[in-house]
Amino acid sequence: MAPSRRGAGNARRRKLSPVGASWMRGLYPDEMAVPEATITAVAYYDTAPAREVLVDLFSRTLWPLYRFSSTVVDNNFVPVEGPMDASYHFAEREVGKEADIEAYVQEVMAKPLDKTKPLWTVTILRARQGRSAFVIRIHHALSDGLGLLFAFL
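Residues numbered from 1 in each chain as written. Predicted model: local features only at pLDDT ≥ 70, side-chain atom pairs only at ≥ 80, totals over all residues. Heavy atoms only, no water.

(A) Representation of the overall build of the protein in the model. Each helix and strand in the protein was counted, giving five helices and seven strands. Expressed as a percentage of the 153 residues in the protein, the buried residues total 39%. Across the protein, the fraction of contacts at a sequence separation of at least 24, relative to all contacts at a separation of at least 6, is 75%. Of the accessible surface of the protein, which amounts to about 9000 Å², a share of 55% is contributed by carbon and sulfur atoms. (Helix = DSSP H or I, 4+ residues; strand = E, 2+ residues; numbered from the N terminus. Buried < 20%, exposed > 50% of the residue type's maximum accessible area, 1.4 Å probe, protein only. Contact = heavy atoms within 4.5 Å. Areas by Shrake-Rupley, 256 points an atom, 1.4 Å probe, with all protein chains shown as cover.)

Written as structure tokens, this is what we have:
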């Protein structure tokens, strides 16, 4: 009998592509200590959007896409039951100035994402001086740059 292809709530599991599985496994031996492959994008604003606006936008546009609403288990996308966990996916921080945004991005780029959750996060950085921003981190196994362009359009 074939193994179950269903995830949480009886939703369908989907196998990662061979390239996605490579990104999850890592392209280099562990002893090289190369950070996992994440895509980090920064969008600058004179005034950062309200957290509620981003949560609403992502829950309507990205959460319905299986890659953004699934965990990865044994090279399969396994759908998460229930609504998007905004408390995990969205954080807010205050920073002093625009240069602190760049320092924050440098700090978090190499940190791994929580593999027990869908592999993306958004952090809103509100600067007291200069522009504010939000930082999106997405594991490369979910998509490449072109795929993300289409997901965000």
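From this point, the discussion proceeds with the structure in view.
(B) Local environment of the pairing of strand 3 (residues 70-73). Direction of pairing for strand 3 relative to strand 4 (residues 76-79): antiparallel, over a ladder of four bridges. Within the sheet, the bridge partner assigned to Val72 lies in strand 4 and is Phe77. The antiparallel pairing of strand 3 with strand 4 creates a hairpin that spans two residues between the two strands, and Asp74 there sits at a positive phi of about 50°. (Pairing = 2+ DSSP bridges.)

(C) Expanded view of the pattern of salt bridges. Under the definition given, this model contains eight salt bridges. For Arg131, the salt bridge is made with Glu98, and the minimal N-O distance between the two is 2.7 Å. With Arg131 in the loop between strand 6 (120-129) and strand 7 (132-139) and Glu98 in helix 4 (residues 98-108), this residue pair connects regions lying 33 residues apart in the sequence. (Salt bridge = Lys/Arg side-chain N within 4 Å of Asp/Glu carboxyl O.)

(D) Local environment of the sheet that holds strand 2 (residues 38-45). Spatial strand order, 2-7-6-5: four strands in an open sheet with mixed pairing. For this open sheet the edge positions go to strand 2 and strand 5 (90-97), each flanked by a neighbour on one side alone. When the angles between neighbouring strand axes are averaged without regard to direction, this sheet yields 20°. Direction of pairing for strand 5 relative to strand 6: parallel, over a ladder of seven bridges. Bridge pairing links Glu94 to Arg126 in strand 6. Contacts between helix 4 and the sheet are confined to strand 2, strand 5, strand 6 and strand 7, with strand 5 contributing the most and set at about 130° to the helix. (Axes fitted to C-alpha atoms, helices over the stretch in contact; angles between N-to-C directions.)

(E) Broad picture of the nonpolar core. Core analysis: the biggest nonpolar cluster contains 25 residues, and Phe58, Phe90, Trp120 and Val122 have the highest contact counts within it. Contributions of two or more residues to this core are made by helix 1 (18-25), helix 2 (51-61), strand 6 and strand 7. Apart from residues no more than four positions distant in its own chain, Trp120 is found in contact with Phe58, Trp63, Phe68, Met84, Tyr88, His89, Phe90, Leu113, Arg137, Ile138 and Leu142. The next biggest cluster of nonpolar side chains, apart from the first, holds nine residues, and it includes Tyr104, Val105, Ala127 and Ala133. (Core = buried A, V, L, I, M, F, W, Y, C linked by side-chain atoms within 4.5 Å.)

(F) Broad picture of the packing of aromatic side chains. Tallied over the entire structure, the rule returns six aromatic pairs. Relative to Phe134, the ring of Tyr45 lies with its centre 5.6 Å away and its plane at 15°, an arrangement referred to as stacked. Within this pair, whereas Tyr45 is found in strand 2, its partner Phe134 is found in strand 7, the two being separated by 89 residues in sequence. Ring centres of Phe90 and Trp120 lie 5.8 Å apart, and the angle between their planes is 80°; on these two criteria the pair is classed as edge-to-face. With Phe90 in strand 5 and Trp120 in strand 6, the pair connects residues that are 30 residues apart, well separated along the chain. Each member of the pair, Phe90 as well as Trp120, carries the same accessibility label: buried. (Phe/Tyr/Trp six-rings, centres within 6.5 Å; stacked < 30°, edge-to-face > 60°.)

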